[in-house]
Every structure is written in structure tokens, then in C-alpha cells.
Amino acid sequence: VVLTFDDASKSHFTIARPVLLKYKFGATFFVTEGFDFKDNKKDYMTWEEIKELHEDGFEIGNHTRDHLGISDKTVSRLPEQLEAIADKVESALQEKPEREMSTEEIGAHVMQELKHLDKVAYVRFASVYRNFRDIDEFKNELNDLLKSRE
């Protein structure tokens, strides 16, 4: 069973989080700055609450910066969406109290963001980051991705 929550609704933090923690369930929270996320903190989480979810051990996924649906008409905006992801990862890493970060930790953050945004980019990055040595390692990664979609 995979539990996911989309769009950073405030109730994910105030209602779902306590229940998930009580029963020790994991979940992925997909965050977007779309809709009126930036201004409406009654209905949407703050970045501090999102950080707290991460500190609780939940996975934080990217739902693109403005909840952009990617199509032939919008694909040209994909680079700006990706850059926003990179900026958010960098910002999150800079907020950590440790002054130094391992490349493994940075790579893990990048892989997490790519996995939710672009599966092909994720596999390409993973093949280099994890140093795939043969076709079986590609197959295993693709099989894991396919299983996670079911």
C-alpha cells in the first residue's frame, strides 16, 4: 500500500499527519506552489510544516512548481519547472544545521525530486548516480518504477 497526498493541503498536516504517525505509516506528500499556496496559509501548508513532515520521516515529492500539466503546449516551460525544483532542493539543504553535506545526500534529494517529476530523467540520473554496470541494473530500476505505479 502506498499513501500519497497531493497539493500541500493544510489538512494533510493537521489531520493526516497525526494519524500516520500514530499508526506508523509512511506516506509521500506532493507539494506544489500552484493555486494560491503562497498566500493562503489557512488552506495550504507552510514550508515550515512541509519541513516538519520531512523531519518526521515522510517523503516529500514535487508536483511541479505551479501544478503545470505538461503537454505539447507547455513543454517549453519544463526547464523553469526543473530549475524551481533545483532551487527548492538547494534551499532545503542550506537550512540544515550541518555546514557540509555529502554528495550522496545531495544526489538523494535530486533523485527524489526527479522521480516524481520525470521518470526518464530519473532513470538517466540514477544510472550515473548509482553507477549502473549492466543492463540488469537498468531493468531492476525500471521494474521498481513500474511497480510503484500500480
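In what follows, the structure referred to is the one given above.
The model shown is predicted, which means the values in this text are computed figures rather than measured ones.

Caption draft 1: Structural detail: helix 1 (residues 10-22). Here helix 1 contains 13 residues, and its C-alpha end-to-end distance of 18 Å stays within 8% of the 18 Å for a straight helix at 1.5 Å per residue. The largest bend along helix 1 measures about 40 degrees and falls at A16, with the proline P18 one to four residues further on. Taken residue by residue, helix 1 has K10, H12, F13, A16, R17 and L20 as its buried positions. Looking at the buried side of helix 1, the elements it contacts are strand 1 (4-6), strand 2 (28-31) and helix 2 (47-55). Downstream of helix 1 by one or two residues, K24 has phi in the positive range, about 55 degrees.

Caption draft 2: Region of the structure containing the side chain of S127. For S127, the position within the fold is in helix 5 (residues 119-129). Beyond its immediate stretch of four places on either side in the chain, S127 contacts F132 and F138.

Caption draft 3: Local environment of the nonpolar core. The biggest cluster of nonpolar side chains holds 15 residues, and the ones touching the most others in it are L20, F29 and L53. Within the residue set of this core, elements represented by two or more residues are helix 1, strand 2 and helix 2. Element by element, the count of residues in this core is highest for helix 1, at three residues. Not counting chain neighbours up to four residues away, the residues in contact with F29 comprise F5, H12, L20, L53, F58, E59, I60 and G61. Core analysis: the second largest hydrophobic core is formed by seven residues, M111, L114, F132 and L145 among them.

Caption draft 4: Quick look at the packing of helix 5 against helix 6 (residues 135-149). Interhelical geometry of helix 5 versus helix 6 gives an angle of 145 degrees and a closest axis separation of 11 Å. Pair helix 5 / helix 6 crosses with right-handed handedness. In this structure, helix 5 uses K119, Y122, V123 and S127 to contact helix 6, whose residues at the interface are F138, E141, L142 and L145. Its residues placed into classes, the contact of helix 5 with helix 6 shows five nonpolar, one polar and two charged.

Caption draft 5: Quick peek at a nonpolar patch on the surface. Together, V1, L3, V19, Y23 and F25 give the surface a local cluster of nonpolar side chains, amounting to about 560 Å² of exposed area. By the element assignment, F25 lies in the loop between helix 1 and strand 2. In this structure F25 comes out as partly exposed when scored by relative accessible area, which is 49%.

Caption draft 6: Local environment of the packing of aromatic side chains. Counting across every chain of the model gives three aromatic pairs. When the ring of F5 is compared with that of F29, the centres are 5.0 Å apart and the planes differ by 15 degrees; the resulting orientation is stacked. Of the two residues, F5 sits in strand 1 while F29 sits in strand 2, which places them 24 residues apart along the sequence. Residue class for F5 comes out buried when judged on its relative accessible area of 19%. Residue classification places F29 among the buried positions, given a relative accessible area of 1%. Consider the rings of F132 and F138, whose centres lie 5.0 Å apart with planes at 90 degrees: the pair is edge-to-face. On the basis of relative accessibility, which here comes to 30%, the residue F138 falls in the partly exposed class. The rings of F5, F29 and F58 are connected pair by pair, giving a single aromatic cluster.

Conventions used here
Residues numbered from 1 in each chain as written. Predicted model: local features only at pLDDT ≥ 70, side-chain atom pairs only at ≥ 80, totals over all residues. Heavy atoms only, no water. Helix = DSSP H or I, 4+ residues; strand = E, 2+ residues; numbered from the N terminus. Expected span 1.5 Å × (residues − 1). Bend = angle between axes of the 7 residues up to and from the residue. Buried < 20%, exposed > 50% of the residue type's maximum accessible area, 1.4 Å probe, protein only. Contact = heavy atoms within 4.5 Å. Core = buried A, V, L, I, M, F, W, Y, C linked by side-chain atoms within 4.5 Å. Axes fitted to C-alpha atoms, helices over the stretch in contact; angles between N-to-C directions. Left-handed = near helix turned anticlockwise from the far one by under 90°. Nonpolar A, V, L, I, M, F, W, Y, C, P; charged D, E, K, R; others polar. Patch = residues over 30% accessible without salt bridge, like charges linked within 9 Å, V, L, I, M, F, W, Y side chains within 5 Å. Areas by Shrake-Rupley, 256 points an atom, 1.4 Å probe, with all protein chains shown as cover. Salt bridge = Lys/Arg side-chain N within 4 Å of Asp/Glu carboxyl O. Phe/Tyr/Trp six-rings, centres within 6.5 Å; stacked < 30°, edge-to-face > 60°.

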